[in-house]
Amino acid sequence: MSVVVEELTRTFGAIEAVKGISFAVEKGEVFGFLGPNGAGKSTTIKMLCTLLKPTSGRALVNGYDVVQMPTDVRRSIGIVFQDPTLDDYLSAEQNLRYHCMLYHTPPATRPTRIDSLLRLVGLEDRRKDLVKTFSGGMKRRLEVARGLLHEPQTLFLDEPTVGLDPQTRRSVWEYVMRLRQSTGLTIFMTTHYLEEAEYCDRIAIMDHGRVVALDTPDALKRQVGRESVHLVVAPEDVARAALVIGEDRRVTHGEGGELQVECAEGASGQALAAQLLRQLTLSDIAVQAVSVHAPSLDDVFMRLTGRAIRDETAGAKERLEARLRGRGRLRRRS
């Protein structure tokens, strides 16, 4: 196992931020951490990366105890923080060379490691350019390369793409997944973006300091419900009477004359939609719109935490902008 957590707890005075959580991350796994702001995700990550000591419980990272062997833990992990940490007034290559020195990478291997990682993240032709000339996505890719210079066994990504546009986020994740495939690296990430969570082999959802769910994305979505067909019809009561629905399906009313028909266990929403359209057409009932809905991770998040993850995403962006303004790195909108 890359990460083993047993009854891990962290308190700040009277506040219990992490409440006896337990989980394990397998080697080579992409493991995701989701949860509302203040759920305890960042506190947990800081304990696993030896930036905070647990109040109680135990955590092993790459076989090393985070309290008893913090130096060994740090040597065995790479970290990409949510906040930018590159030196803008150094070149890409100089940033990587400085990191090699901090981690005592053997001088003989430094040029090869730097060359291969810059090539991997697509920045080999910008190696001599100052980082301040890079786009947000390029900086993130360079930070990923820097986190891999000392050949860690586990890479921690703390909301690595927050504040980036969707196209850049997708580009960063293409590089990260390529790393996983080529190196077998274990990736432990936190994110607010549902499309990123879909990359994970398993997801832990945290709320109020506890892990409230842990499974694959598909298994979590199945817990919420089945696929359903949404029909906008008129008149609604006549349409409902015309439908032949099995006992293992539910029909509910939505807004604006919408009927929602839940699929049978394991059934296809597309197949059910075709069946329902055929029945309504034969009954001369007008169908204004039809769509198939599948449970999403947002549905899972809402069911378990009582809020939509898109609300958390907006809050994260506002906090990042506030931090950047405070450092004079983002101009206020007029």
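Structural data are supplied above this passage.
Keep in mind that what you see is a predicted model, and the values were worked out from it rather than measured.

The backbone phi angle of asparagine 62 is positive, close to 55°, even though this residue is not glycine. Secondary-structure assignment places asparagine 62 in the loop between strand 4 (56-61) and strand 5 (64-65). Unlike most non-glycine residues, histidine 208 shows phi in positive territory, near 50°. Here histidine 208 lies in the loop between strand 9 (202-207) and strand 10 (210-215). Of the residues examined, histidine 208 reaches a relative accessible area of 52% and is grouped as exposed.

Per the counting criterion, the structure on display carries eight aromatic pairs. Residues tryptophan 173 and tyrosine 199 carry aromatic rings whose centres are separated by 5.4 Å and whose planes lie at 15° to one another, so their mutual orientation is stacked. With tryptophan 173 in helix 6 (residues 166-183) and tyrosine 199 in the loop between helix 7 (194-197) and strand 9, the pair connects residues that are 26 residues apart, well separated along the chain. Given the relative accessible area of 1%, tryptophan 173 is considered buried. Following the ring pairs from residue to residue traces out a cluster consisting of Phe23, Phe31, Phe33, Phe156 and Phe188. Residue placement shows arginine 10 over the ring face of phenylalanine 12; its charged tip is 4.6 Å from the ring centre.

So, on to the environment of glutamate 16. In this fold, glutamate 16 is placed in strand 2 (residues 15-25). Sequence separation of glutamate 16 and glycine 40 is 24 residues, and the distance between their C-alpha atoms is 9.2 Å. The residues contacting glutamate 16, other than those within four sequence positions of it, are Thr9, Arg10 and Thr11.

Among the nonpolar cores identified, the biggest contains 40 residues, and Leu118, Leu142, Leu148, Leu157, Val176, Ile203 and Ile205 are the most heavily contacted of them. Apart from residues no more than four positions distant in its own chain, leucine 142 is found in contact with Leu86, Ala92, Leu96, Leu118, Leu123, Val131 and Phe134. The next biggest cluster of nonpolar side chains, apart from the first, holds 24 residues, and it includes Ile21, Met47, Val61 and Val66.

A few words on a nonpolar patch on the surface. A cluster of nonpolar residues, Tyr98, Met101, Leu102 and Tyr103, forms a patch on the protein surface that exposes about 420 Å² of accessible area. Its location among the elements puts tyrosine 103 in the loop between helix 3 (92-102) and helix 4 (110-120). The class of tyrosine 103 is partly exposed, set by a relative accessible area of 32%.

Two modes of strand pairing occur in sheets, parallel and antiparallel, and in both the strands are linked by backbone hydrogen bonds. Pairing in this open sheet of six strands is mixed, and the strands run 6-7-8-3-9-10 from one edge to the other. Looking at which strands have only one partner, the edges of the open sheet turn out to be strand 6 (77-80) and strand 10. Pairwise comparison of adjacent strand axes, ignoring direction, gives a mean angle of 15° for this sheet. Looking at chain direction, strand 7 (residues 154-158) and strand 8 (residues 186-190) are connected through five bridges and run parallel.

Conventions we followed
Residues numbered from 1 in each chain as written. Predicted model: local features only at pLDDT ≥ 70, side-chain atom pairs only at ≥ 80, totals over all residues. Heavy atoms only, no water. Helix = DSSP H or I, 4+ residues; strand = E, 2+ residues; numbered from the N terminus. Buried < 20%, exposed > 50% of the residue type's maximum accessible area, 1.4 Å probe, protein only. Phe/Tyr/Trp six-rings, centres within 6.5 Å; stacked < 30°, edge-to-face > 60°. Lys NZ or Arg CZ within 6 Å of the ring centre and 35° of its normal. Contact = heavy atoms within 4.5 Å. Core = buried A, V, L, I, M, F, W, Y, C linked by side-chain atoms within 4.5 Å. Patch = residues over 30% accessible without salt bridge, like charges linked within 9 Å, V, L, I, M, F, W, Y side chains within 5 Å. Areas by Shrake-Rupley, 256 points an atom, 1.4 Å probe, with all protein chains shown as cover. Salt bridge = Lys/Arg side-chain N within 4 Å of Asp/Glu carboxyl O. Pairing = 2+ DSSP bridges. Axes fitted to C-alpha atoms, helices over the stretch in contact; angles between N-to-C directions.

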